[in-house]
Amino acid sequence: MLRGSRLRKIRSRTWQKERLYRLQEDGLSVWFQRRIPRAPSQHIFFVQHIEAVREGHQSEGLRRFGGAFPPARCLTIAFRGRRKNLDLAAATAEEAQRWVRGLAKLRARLDAMSQRERLDHWIHAYLHRADSDQDSKMSFKEIKSLLRMVNVDMNDMYAYRLFKECDHSNNERLEGAEIEEFLRRLLKRPELEEIFHRYSGEDRVLSAPELLEFLEDQGEDGATLAHAQQLIHTYELNETAKQHELMTLDGFMMYLLSPEGAALDPAHTSVFQDMDQPLSHYFISSSHNTYLTDSQIGGPSSTEAYVRAFAQGCRCVELDCWEGPGGEPIIYHGHTLTSKILFRDVVQAVRDHAFTLSPYPVILSLENHCGLEQQAVMARHLRTILGDTLVTQALDAQNPEELPSPEQLKGRVLVKGKKLPAARSEDGRILSDQEEEEEEEEEEPEATEQRRRAKQISPELSALAVYCCATRLRTLRPTPVPPQPCQVSSLNERKAKKLIREAGNSFVRHNARQLTRVYPLGLRMNSANYSPQEMWNSGCQLVALNFQTPGYEMDLNAGRFLVNGQCGYILKPACLRQPDTTFDPECPGPPRTTLTIQVLTAQQLPKLNTEKPNSIVDPLVRVEIHGVPADCARKETNYVLNNGFNPRWGQTLQFQLRAPELVLVRFVVEDYDTTSPNDFVGQFTLPLNSLKQGYRHIHLLSKDGASLSPATLFVHIRIQRF
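Predicted model only: the values in this text are computed from it and were never measured.

Peer 1: Give a detailed account of the overall build of the chain, specifying residues and quantitative values.
Peer 2: Secondary structure summary: the chain contains 20 helices and 32 strands in total. Once the C-alpha set of the chain is aligned to its principal axes, its extents read approximately 95 × 65 × 55 Å. Expressed as a percentage of the 722 residues in the chain, the buried residues total 55%. Taking the contacts inside the chain whose residues are at least 6 apart along the sequence as the reference set, 68% of them involve residues at least 24 apart. Accessible surface, the chain as shown: approximately 31,500 Å² in total, 49% of it carbon and sulfur. Averaging the positions of the 89 positive and the 94 negative side-chain charges in the chain gives two centres separated by 4 Å.

Peer 1: For the packing of aromatic side chains, give the residues involved together with the corresponding values.
Peer 2: Across all of its chains, the model carries 17 aromatic pairs by this definition. A ring pair is formed by F140 and Y160, whose centres lie 5.1 Å apart and whose planes are at 80°; its orientation type is edge-to-face. On the criterion of sequence distance, the pair formed by F140 in helix α4 (residues 140–149) and Y160 in helix α5 (residues 156–166) is long-range, its members being 20 residues apart. A ring pair is formed by W536 and F561, whose centres lie 6.2 Å apart and whose planes are at 75°; its orientation type is edge-to-face. Of this pair, W536 sits in helix α19 (residues 533–537) while F561 sits in the loop between α20 (552–560) and β24 (569–571), and the two are 25 residues apart along the sequence. Note on accessibility: W536 and F561 belong to one class, buried. Here the aromatic residues Y21, F32, F45 and F79 are joined through ring pairs into a cluster of three or more. Seen from the ring of F79, R83 lies directly overhead, with NZ or CZ sitting 4.7 Å from the centre. For the cation-ring pair, K635 lies above F655, with the distance from its terminal atom to the ring centre recorded as 5.1 Å.

Peer 1: Give me the packing of helix α13 (residues 343–353) against helix α14 (residues 372–386): which residues, what numbers.
Peer 2: Direction vectors running N to C along α13 and α14 enclose 30°, while the axes themselves pass 10 Å from each other. Accordingly, the angle class assigned to the pair α13 and α14 is roughly parallel. Of the two elements, α13 crosses α14, and the hand of that crossing is right-handed. Here F343, R344, V347, Q348, V350 and R351 of α13 lie close against α14, whose contacting residues are M378, H381, L382, I385 and L386. Residues that form the contact of α13 with α14 fall into these classes: seven nonpolar, two polar and two charged.

Peer 1: I'd like a description of the pattern of salt bridges, backed by residues and values.
Peer 2: Counted under the stated rule, the structure contains 26 salt bridges. One salt bridge connects E661 with R592, and the closest N-O pair in it is separated by 2.9 Å. Linking E661 in the loop between β28 (648–657) and β29 (664–671) with R592 in the loop between β24 and β25 (593–603), this pair joins segments that are 69 residues apart in sequence. Judged by relative accessible area, E661 falls into the partly exposed class, the value being 23%. Here the salt bridges do not stand alone but share partners, grouping D555, R622, E624, R634, E636, R666 and E670 into one network.

Peer 1: Mind laying out the environment of R622, listing which residues take part and the relevant values?
Peer 2: Within the secondary structure, R622 is located in strand β26 (residues 619–626). R622 gets classed as buried once you look at its relative accessible area, which sits at 8%. Expressed as a C-alpha distance, the spacing of R622 and D133, which sit 489 residues apart in the sequence, is 41 Å. Leaving out residues up to four positions away in the same chain, R622 has contacts with R634, K635, E636, R666, F667, V668 and E670.

Peer 1: How would you sum up the state of the cysteines? Please name residues and give values.
Peer 2: Under the definition given, this model contains zero disulfides. This cysteine, C314, is not joined by any disulfide, and C316 carries the nearest cysteine sulfur, 6.6 Å off. Exposure remark for C314: the relative accessible area of 0% places this residue in the buried category.

Peer 1: An account of the pairing of strand β31 (residues 694–701) is requested, with residue identities and associated values reported.
Peer 2: Counting buried residues in β31 gives six out of eight residues, a clear majority hidden from the surface. Pairing geometry for β31 and strand β32 (residues 707–721), over seven bridges, is antiparallel. Bridge pairing links H697 to F714 in β32. Where β31 hands over to β32, the hairpin turn is made up of five residues, of which G705 adopts a positive phi near 85°.

Peer 1: I'd like to hear about a positive patch on the surface, residue by residue, with values.
Peer 2: There is a patch of like positive charges on the surface, built from R11, K17, R35, R38 and K84. Its place among the elements puts K17 in strand β2 (residues 16–23).

Peer 1: Got a sec to walk through the nonpolar core? Specific residues and values, please.
Peer 2: Counting residues in hydrophobic clusters, the biggest one holds 91 residues, and the most contacted among them are L319, L382, L595, V665 and L691. Broken down by element, this core gets its largest block of residues, six residues, from β32. Excluding residues within four positions of it along the chain, L595 makes contact with I625, L653, Q654, F655, L657, V665, L688, L691, I717, R718 and I719.

Peer 1: Pulling in residues and values, what's your account of the confidence of the model for the chain?
Peer 2: Per-residue confidence for the chain gives a mean pLDDT of 90, with 94% of residues at or over 70. Of the regions scoring below 50 in pLDDT, residues 432–439 engages in 25 contacts with residues more than four places distant in sequence or in other chains. Residue range residues 441–446 is modelled with pLDDT below 50. Its contacts to residues more than four positions away, or to other chains, number nine contacts.

Peer 1: Give me the lowdown on the sheet that holds strand β5 (residues 50–55), citing residues and values where you can.
Peer 2: Read across the sheet, seven strands follow the order β4-β3-β2-β1-β7-β6-β5 without closing on themselves; strand pairing throughout is antiparallel. With one partner strand each, in any of the chains shown, β4 (44–46) and β5 form the two edges of the open sheet. Averaged over all pairs of adjacent strands, the angle between strand axes in this sheet comes to 30°, irrespective of strand direction. Where β2 meets strand β3 (residues 29–32), three bridges bridge the pair, whose relative direction is antiparallel. Bridged to R22 within β3 is W31.

Peer 1: Could you give an account of unusual backbone geometry, naming the residues involved and the relevant values?
Peer 2: Of note, the amide linkage connecting S709 to P710 takes the cis form, showing an omega dihedral of 5°. Within the secondary structure, P710 sits in strand β32. The phi dihedral of R204 falls on the positive side, at around 60°, and the residue is not glycine. Phi at Q566 is positive, roughly 50°, even though this residue is not glycine.

Peer 1: Residues and numbers for helix α2 (residues 93–112), please.
Peer 2: Spacing of three or four residues puts side chains on the same side of an α-helix, whose turn is 3.6 residues. For α2, with 20 residues, the first-to-last C-alpha span of 29 Å sits near the 28 Å given by 1.5 Å per residue. Buried residues in α2 make contact with β1 (5–10), β2, β3, β5, β6 (74–79) and α3 (115–130).

Peer 1: Outline the side chain of D26, listing residues and values.
Peer 2: Tracing the sequence through the fold places D26 in the loop between β2 and β3. In this structure D26 is buried but unpaired, with R109 as the nearest side chain of opposite charge at 6.9 Å. In terms of polar contacts, D26 uses its side chain to reach the backbone amide nitrogen of L28, at 2.8 Å. Within the structure, the side chain of D26 is placed 3.2 Å from the backbone nitrogen of S29, a separation counted as a polar contact. In this view, D26 contacts R109, H121 and A125; residues no more than four positions away in its chain are not counted.

Peer 1: Hey, could you go over the pairing of strand β27 (residues 633–636) for me, with residue numbers and the actual values?
Peer 2: Sheet analysis places β26 next to β27, joined by four bridges and oriented antiparallel. Note on β27: the bridge partner recorded for R622 is E636. Between β26 and β27, which follow one another and run antiparallel, lie six residues.

Calculation criteria
Residues numbered from 1 in each chain as written. Predicted model: local features only at pLDDT ≥ 70, side-chain atom pairs only at ≥ 80, totals over all residues. Heavy atoms only, no water. Helix = DSSP H or I, 4+ residues; strand = E, 2+ residues; numbered from the N terminus. Buried < 20%, exposed > 50% of the residue type's maximum accessible area, 1.4 Å probe, protein only. Contact = heavy atoms within 4.5 Å. Areas by Shrake-Rupley, 256 points an atom, 1.4 Å probe, with all protein chains shown as cover. Lys, Arg positive; Asp, Glu negative; His and termini not counted. Charge placed at Lys NZ, Arg CZ, Asp CG, Glu CD. Phe/Tyr/Trp six-rings, centres within 6.5 Å; stacked < 30°, edge-to-face > 60°. Lys NZ or Arg CZ within 6 Å of the ring centre and 35° of its normal. Axes fitted to C-alpha atoms, helices over the stretch in contact; angles between N-to-C directions. Parallel < 35°, antiparallel > 145°, perpendicular 65-115°, else oblique. Left-handed = near helix turned anticlockwise from the far one by under 90°. Nonpolar A, V, L, I, M, F, W, Y, C, P; charged D, E, K, R; others polar. Salt bridge = Lys/Arg side-chain N within 4 Å of Asp/Glu carboxyl O. Disulfide = S-S within 2.5 Å. Pairing = 2+ DSSP bridges. Patch = residues over 30% accessible without salt bridge, like charges linked within 9 Å, V, L, I, M, F, W, Y side chains within 5 Å. Core = buried A, V, L, I, M, F, W, Y, C linked by side-chain atoms within 4.5 Å. pLDDT = per-residue confidence, 0-100. Expected span 1.5 Å × (residues − 1). Polar contact = N/O pair within 3.5 Å; in protein donor to acceptor, adjacent residues only side chain to side chain.

Here it is, written out as structure tokens:
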């Protein structure tokens, strides 16, 4: 891989070009050739941005266009975020295997790396680039270039003083141990040293009892001496100190930069919630127009969009089904220029990828515009392709209407669709307008015939709607015959907001028993999203977003489903589950919690303009609270001029919270600009209930959710409940 391979990049039947791909010395990035040379940053991709490496014809692209190449010679590299898949064919099966195995090894190594190792890697990659004549010695000019690369604008006098203090050989060049010393001084964390010395006292090392005192002040639950000793054995780098059960400053830094020292509670990263409650008691990660990879007007439809949604923890996907040629139903955004894919292919993608990340049930939300014949074909494909994973009858024959739990439905697929009444004619019945679920989009007049046919439901398809029967939500008032829990209503965002405003508590009670799906207005042509928080506040479970559109709305979705093992199911707070709850998101009561965040420092923020050596960020930090309307707030620090490497703020932001159990906290770093809107640098969002107290590092993510390692924020968090 370091020598490089000529691999054929496959984009279509006719576009199949040979390109050179070569692993970089750092083992963290791959350089590739382009027909027209671009800026250096456009010629590499990073191992940490890879979502998956698949062997053989395991992508839509290779299944359609890779027929000329045997599967053993093919591989697909799928990326996080919106970057397109890379479909490649190697000259031999052995060469393909080298890349598949090699990338798997590199990804595993990256996952196992500590923050300190990532930092070393990161700095050495920049050293290599800054050493312009590659003589392994650094002149002052090269050091200045290194400082700019790592996003720090140090004044020449201070930089030269630091340079001379490390130039022990006095030859205006740093080499070997001198470079190491320069980097160690550059990477000094005075704020960590200060905390360390506060607990270590005169001898400048932490004993296990001193570390325990620090853990107790941090508010670590159940901190014991044994736990302190175990931390020393895990994170201390100096063997002698470890043998004497002592922790040095380096070990302390290693601990605070590890997942155990992060803001996110490590106990919440695996499934920790009760998964035995009815489906209506959970928020369920849901996607709208899942088949789209871009906008809903002219964007391409692709089965890959389903694979990506599942890789992001999505559990409810949408299938927009239309009459297709040759008796085969197709999926696309009706009456638009989006491309079309076969219904059958999507069901196969569900079978192959739905349970790679999460074992909990997947809901297929069918928006059906097909006539009776093709509906029967849809039902046949669902049964034959999904086999036993498809739920075709109630699990509990005694209570067929009661919703089962995620645990009972592990590994199963549910269909959400319209259901024929018990007494119906065998040839499929026309549903009256009153019974029809709201159609998601307004259609043009020429669609009337198609709409009339879609109102007919084939018995075969109707039979598959077992626990998710699409029903129109007519009233929230109590009725003589209460609605069945298996009835699901779909509302657009405007209708849902109206219900929240006008019938807050009734809507919350409705959502304690039944599933509600909310979707974006059809007017959002560019596939923009709405804030999901408003819908979660009232207990809506299936809050469907355009997963292909990055932005704060998807950050909130990722933050909401970050915990509980990223399984796509989050148990709703008790106030949204009790049938007789009095909770109303519009009137949540008095403040019950104070959240105090001291924003201390940031480390190694990414450069926004890598091609311009002199452009350095002026970072500021904003903390946003997303919860019930009375809790929503945003506060920010001042900006720090020209320093993305180790900016310091030391500013305190405080928030009063009325419904803390619903709160998401979003940390955002921006590059301040006097004349135009600030540029986004990185963010991290998590539920307040998963936020740990004390001194914590926040590991920042990019716009599309990829790690920006080693970029971190260092904060102190205090949560007072009263």
